[in-house]
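A structural walkthrough
The chain contents come next:
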Amino acid sequence: MAKINFGGVEEEVVTREEFPLEKAREFLKDEVIAVIGYGVQGPGQSLNMRDNGFNVIVGQRKGKTYDKAVRDGWVPGETLFEIEEALEKGTIICFLLSDAAQIELWPTVKKYLTAGKALYFSHGFGVTYKDQTGIIPPDDVDVFLVAPKGSGTSLRRMFVEGKGLNSSFAIYQDASGKARQRAIAMGIGVGSGYLFETNFYKEVTSDLTGERGTLMGAIQGIFAAQYDVLRANGHSPSEAFNETVEELTQSLMPLVAENGMDWMYANCSTTAQRGALDWWKPFRDATKPVFEQLYNSVKAGEQANISITRNSQSDYREKLEEELKELRESEMWRAGTAVRSLRPERN
Ligand SMILES: NC(=O)c1ccc[n+]([C@@H]2O[C@H](COP(=O)([O-])OP(=O)(O)OC[C@H]3O[C@@H](n4cnc5c(N)ncnc54)[C@H](O)[C@@H]3O)[C@@H](O)[C@H]2O)c1
Ligand SMILES: CC(C)(O)[C@@H](O)C(=O)O
Ligand SMILES: [Mg+2]
Ligand SMILES: [Mg+2]
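These numbers were taken from a predicted model, which means no experiment stands behind them.

Quick look at the overall build of the protein chain now. Scanning the protein chain from terminus to terminus reveals 17 helices and 10 strands. Rg of the C-alpha trace for the protein chain: 22 Å, near the compact-globule value of 20 Å for 347 residues, within the 12% margin. Dimensions along the principal axes, computed over C-alpha positions, put the protein chain at roughly 65 × 45 × 45 Å. Counting across all 347 residues of the protein chain, residues that qualify as buried make up 39%. If you sum the accessible surface of the protein chain, you get close to 18800 Å²; carbon and sulfur atoms cover 53% of it. Here the protein chain holds 40 positive side-chain charges and 49 negative ones, and the gap between their average locations is 2 Å.

Relative to strand E2 (residues 9–14), strand E1 (residues 2–6) runs antiparallel, the two being bridged by five bridges. Within the sheet, the bridge partner assigned to Asn5 lies in E2 and is Glu10. Linking two consecutive strands that pair antiparallel, namely E1 and E2, is a turn of two residues; a positive phi of about 60 degrees is found at Gly7 within it.

What follows covers the UniProt feature "binding site: Mg(2+) 2" (unreviewed entry) in the protein chain. According to UniProt, the "binding site: Mg(2+) 2" (unreviewed entry) feature falls on Asp207, Glu243 and Glu247. For the residues just named, distributed over 41 residues, the greatest C-alpha separation reaches 29.1 Å, placing them at more than one site. Note that Asp207 resides in helix H10 (residues 200–212). Side-chain polar atoms of Asp207 contact the side chain of Lys149, separated by 3.1 Å. Mapping Glu247 onto the fold places it in helix H12 (residues 237–259). Since its relative accessible area comes to 34%, Glu247 is described here as partly exposed. With residues up to four places along the chain from it excluded, the contact list for Glu247 reads Asn242 and Leu252.

Our next topic: the nonpolar core. Core analysis: the biggest nonpolar cluster contains 32 residues, and Ile33, Met49, Trp74, Ile92, Cys94, Tyr120 and Met186 have the highest contact counts within it. Mapped by element, the contributors of at least two residues to this core are strand E3 (33–36), helix H2 (41–51), strand E4 (56–59), helix H3 (64–71), strand E6 (92–95), strand E7 (118–121), strand E8 (142–148) and helix H9 (179–189). With six residues, the top contributor of residues to this core is H9. Discounting chain neighbours no more than four positions away, the residues touching Ile92 are Leu28, Glu31, Val32, Ile33, Ala34, Ala118, Tyr120, Arg182 and Met186. Leu87, Phe95, Tyr112 and Val143 belong to the second-largest nonpolar core, a separate cluster that totals 26 residues.

The rules behind the values
Residues numbered from 1 in each chain as written. Chains lettered and ligands numbered in written order. Predicted model: local features only at pLDDT ≥ 70, side-chain atom pairs only at ≥ 80, totals over all residues. Heavy atoms only, no water. Helix = DSSP H or I, 4+ residues; strand = E, 2+ residues; numbered from the N terminus. Rg over C-alpha atoms; globule rule 2.2 N^0.38 Å. Buried < 20%, exposed > 50% of the residue type's maximum accessible area, 1.4 Å probe, protein only. Areas by Shrake-Rupley, 256 points an atom, 1.4 Å probe, with all protein chains shown as cover. Lys, Arg positive; Asp, Glu negative; His and termini not counted. Charge placed at Lys NZ, Arg CZ, Asp CG, Glu CD. Pairing = 2+ DSSP bridges. UniProt positions renumbered as here; feature names shortened; annotations may be inferred. Polar contact = N/O pair within 3.5 Å; in protein donor to acceptor, adjacent residues only side chain to side chain. Contact = heavy atoms within 4.5 Å. Core = buried A, V, L, I, M, F, W, Y, C linked by side-chain atoms within 4.5 Å.

This is the structure we're talking about:
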């Protein structure tokens, strides 16, 4: 493992130089990798592994998503199967159903987890909250995770562009004595940039916090608050949306991504720098209690409980869609649709 200094803290990480694709392919050459579920991570991971030359099959129940798998080039009876058939054929079972659906399918998956196989997750959820999920793997299989730190859609897009999304990996159970190599080889195979090690508990607590926090929940909250204040003070939707969202995603975040926050600041006016340097700390102080509340709720298992309860209801998709629609139909995001339609590259 390469020792890298992350802001003063040394960590050991796995890079693609140290564990090249050829080594991963060689290590997994006798495995049948069965990707169970073809929602968001399923396509990203399975297509990347297929293009990387791994022996991959997909297990998906019949319906719209199965049809999408066919359109993506998976061949029924050869590389695309009903879930149980894929479970039987697979030696590494990638359990990529939604976390709530994993509970329902677990008794079926367990039946096919014979000695020597491996159970692969992309989240620490099912195993960490085993009291609520009932997911307790048999002792004679390897259990590990590779968790891409981003959407499966980005995992695929970045792979196609020759980039890599970073992933964490963790070993929960090493029955074969080669779980670690198996996990790392899978991490390289799905198209990770570099891999950092964690454990199932830390993966799930950080992940649930991040997506509820800055990555998804907090960002929408802070956008909505600023947009509302601008609108309440007589600014037009165009002005409010550009000053809240469009400039961030189109101009400033790419600069942060490229070279960090100070570099983005340095490419703005000294007027903006003065103001941002004065105001970031009050924003930190105002939101930190909410982040603490969030982390504590995750730690107490409440967020897992809400997720399981709500996403196990028979109409959970319709309910999520209703709430997404509410966001989509808010003035801010309708303004966003109009703003995006005016981007020159869209014409
Ligand atoms: N979405 C992401 O980009 C992302 C990122 C990192 C980690 N993860 C993790 O990866 C795993 C998969 O997440 P996802 O978002 O790709 O899943 P998803 O919600 O897109 O669902 C995946 C599949 O589950 C199938 N499914 C749902 N209910 C089922 C049932 N009862 N029986 C059989 N099949 C059923 C669907 O047909 C779909 O193919 C989860 O553990 C998630 O936390 C997801
Ligand atoms: C893509 C995310 C938010 O990182 C993932 O954690 C998820 O649950 O979809
Ligand atoms: Mg998540
Ligand atoms: Mg995540």
